[in-house]
Amino acid sequence: MNVQNPGGFDTARSGQSTLTQGYMSGFGNGFETEALPGALPIGRNSPQKCPYGLYAEQLSGSPFTAPRSTNERTWLYRIRPTVANWGQFEKTDIGLWRTAPASEVEVPIAPMRWSPIPIPTESLTFIQGVRTMTTAGDAGTQSGMGAHLYFVTRSMKDEYFYNADAEMLVVPQEGSLRFWTEFGVIDIEPGEISVIPRGVKIRVELLGGPARGYMCENYGGAFSLPERGPIGANCLANPRDFLTPMAAYEDHDAPSLLHVKWGGALWTAKIDHSPLDVVAWHGNYAPYKYDLRRFSPVGPTLFDHADPSIFTVLTSPSETPGTANIDFVIFPDRWLVAENTFRPPWYHMNVMSEFMGLIYGQYDAKASGFLPGGASLHNCMLPHGPDAESFERGSNVELKPHKLEGTMAFMFETRFPQRVSAYAAGVEQLQKEYGAYGKALPKYFDPKKP
């Protein structure tokens, strides 16, 4: 296990936090880390008395009896247990955040696309700035997902949040974020992602100006690395490139708010100290980050265009082998070398439903209209593929080796149909004519010319 920049943040103060940040590398490892020497009990999980007068608390991300390969749990050694970081909760306004099943509006069946939505000028924290685009499945049965945009214009101060409905995959598109978590500190920028497991408490701060991005709520099985199959032991997302924060803690007493998303609603309570008070922890259930630019793509080296599944970074499995609850797929920089091949994505209809976003650059299947910060939805069994200009270029371009550079698109793909929210259906950035882009494809058929 590789340790980077050991340390943590100790905020036994009434003013600003001080930060010495560090990460541990690996995916799904059994990590152990402490912000104070000797804070982590050795050889046992719950001693009669913990060092430094701490409380032992277990956070379980799976049933106790889950197989060892999928069993997720972490032991936290904290200043106060979570039950002490509690208050009288009241239901509060969740704004434009929706949870499946949510059937707010019916839209005609067709491909859909949105131009980038500007960052609002109003004051919005991370949880206030979530705008649901689609939902799928049922959070109550722990299956499906939600696809959201987020907008952040101010940092959370003496406010904390955890999501009891889902783990959250955060994909920045503009601006950088700092996640102060129970486990330590994670910074992410466009080109990186972070995964915050269900039940993990956070405070989200801006690192610089306002921020915009995408978020996937995963109601189902936790994200894991996909099996590589015939690809073998290397390439795609390598475990060593995933980074988990080292232990850090706040010992901070001040009037605060704790927000909990539970059952599709937002509940808020007044508390009197920070719940980010974990001094040491060990286990395999923890938040992490990953730099998408470290993804090692593979592809066809002779002919044909491969299935997009070869670009899967993370997958949330379902009970059906080979059928994902969610696949998180990216389309990064890569070489195109296939001979006598239409290199852009082919036309297809898919049992899976695809929500796409563009972090930066240009997506090779669309010549125009799909812009960084925008999004598209190609639902279950609805046709889609390159637009007319991309088809012409892909059909006639000289097939010499070509490198796609400066691009990063992604896809949240699920086995469930995605229901469009009222917000997404009514926002002015909806490109209402997009569903008809196929009509611009001309007829080339000539029975006399094979």
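Placed above this text is the structure.
Residues numbered from 1 in each chain as written. Predicted model: local features only at pLDDT ≥ 70, side-chain atom pairs only at ≥ 80, totals over all residues. Heavy atoms only, no water.

Asks: Is there a simple way to explain the overall build of the chain in this structure?
Replies: The helix and strand tally for the chain stands at 2 helices and 27 strands. Relative to the 2.2 N^0.38 estimate, which gives 22 Å for 450 residues, the radius of gyration of the chain is 23 Å and therefore close to what a compact globule would have. In terms of its C-alpha atoms, the chain occupies a principal-axis envelope of roughly 85 × 45 × 40 Å. Looking at the chain as a whole, 53% of its 450 residues qualify as buried. (Helix = DSSP H or I, 4+ residues; strand = E, 2+ residues; numbered from the N terminus. Rg over C-alpha atoms; globule rule 2.2 N^0.38 Å. Buried < 20%, exposed > 50% of the residue type's maximum accessible area, 1.4 Å probe, protein only.)

Asks: Quick question: what am I supposed to make of the state of the cysteines here?
Replies: Chemically, a disulfide is nothing more than a covalent bond linking the sulfur atoms of two cysteines. Enumeration according to the criterion identifies 0 disulfides in this entry. Cysteine C380 is unpaired, with the sulfur of C216 as its nearest cysteine sulfur at 17 Å. (Disulfide = S-S within 2.5 Å.)

Asks: I tried to follow the sheet that holds strand β18 (residues 278–283) on my own but got confused; where do I start?
Replies: Sheet strands associate in pairs through backbone hydrogen bonding, adopting either a parallel or an antiparallel arrangement. Reading across from one edge, β3-β18-β5-β4 is the order of the 4 strands in this open sheet, with antiparallel pairing throughout. Looking at which strands have only one partner, the edges of the open sheet turn out to be β3 (31–34) and β4 (55–60). Looking at each pair of strands side by side, their axes are set apart by 20° on average, direction ignored. Bridging between strand β5 (residues 73–78) and β18 involves 5 bridges; their strand directions are antiparallel. Pairing of W75 across the sheet is with H282, part of β18. (Pairing = 2+ DSSP bridges. Axes fitted to C-alpha atoms, helices over the stretch in contact; angles between N-to-C directions.)

Asks: Explanation requested: the pattern of salt bridges in the structure shown.
Replies: For side chains bearing opposite charge, pairing can occur when the charged atoms are close. A complete count under the given rule lists 20 salt bridges for this structure. Note that E217 and K261 form a salt bridge whose closest N and O atoms lie 3.1 Å from each other. Taken as a pair, E217 in strand β14 (residues 202–218) and K261 in strand β16 (residues 253–262) lie far apart in primary sequence, 44 residues in all. In terms of burial, E217 and K261 fall into one category: buried. The salt bridge partner of D291 is R293, with a shortest N-O separation of 2.8 Å. By relative accessible area, R293 is classed as partly exposed at 43%. Salt bridges linked by common partners bring E57, R78, E182, K201 and D277 together as one network. (Salt bridge = Lys/Arg side-chain N within 4 Å of Asp/Glu carboxyl O.)

Asks: For this particular structure, what's the right way to read the sheet that holds strand β24 (residues 375–378)?
Replies: Spatial strand order, β7-β24-β23-β26-β21-β20: 6 strands in an open sheet with antiparallel pairing. Each having just a single partner strand, β7 (112–114) and β20 (312–317) make up the two edges of the open sheet. Going from strand to strand, the sheet's axes swing by 15° on average, the running direction of each strand aside. Sheet topology note: the β7/β24 ladder contains 3 bridges and is antiparallel. Bridge pairing in β24 links M112 to L377.

Asks: Before we go on, may I ask you to explain the environment of N218 in this structure?
Replies: Within the secondary structure layout, N218 lies in strand β14. Once the C-alpha coordinates of N218 and A147 are considered, the two residues, 71 residues apart in sequence, prove to be 9.1 Å apart. Sequence-distant contacts of N218, that is, excluding residues within four places in its chain, are made with G144, A166, E167, R198, F223, S316, N325 and I326. A polar side-chain atom of N218 sits 2.8 Å from a polar atom in the side chain of E167. Among the polar contacts listed, one links the side chain of N218 to the side chain of N325, at a separation of 3.0 Å. (Contact = heavy atoms within 4.5 Å. Polar contact = N/O pair within 3.5 Å; in protein donor to acceptor, adjacent residues only side chain to side chain.)

Asks: Just to check I follow, could you spell out the packing of aromatic side chains for this structure?
Replies: How two aromatic rings sit relative to each other is set out by the distance from centre to centre and by the angle between their planes. One pass over the full model with this rule turns up 22 aromatic pairs. Look at F331 and Y363: their rings are 5.7 Å apart centre to centre, the planes differ by 50°, and that puts the pair in the tilted class. Residue F331 is found in strand β21 (residues 324–331), and its partner Y363 is found in the loop between β23 (353–360) and β24; the two are separated by 32 residues along the sequence. Like Y363, F331 is buried. Aromatic side chains F355 and F412 sit 6.1 Å apart centroid to centroid with 10° between the ring planes, which places their arrangement in the stacked category. Placement of the pair is F355 in strand β23 and F412 in strand β26 (residues 408–414), with a sequence separation of 57 residues. For the pair formed by F355 and F412, the shared burial category is buried. Sitting above the plane of the Y162 ring, K201 keeps its charged end 5.6 Å from the centroid. The ring of F311 has R334 lying over it, and the distance from NZ or CZ to the ring centre is 5.2 Å. (Phe/Tyr/Trp six-rings, centres within 6.5 Å; stacked < 30°, edge-to-face > 60°. Lys NZ or Arg CZ within 6 Å of the ring centre and 35° of its normal.)

Asks: How do you make sense of the pairing of β24 when you look at a structure like this?
Replies: Walk down a regular strand and you will see the side chains alternate between the two sheet faces. Of the two faces of β24, the one lined by A375 and L377 and the one lined by S376 and H378 are each fully buried. With 4 bridges joining them, β23 and β24 adopt antiparallel strand pairing. Counted as the bridge partner of M356 is S376 from β24.

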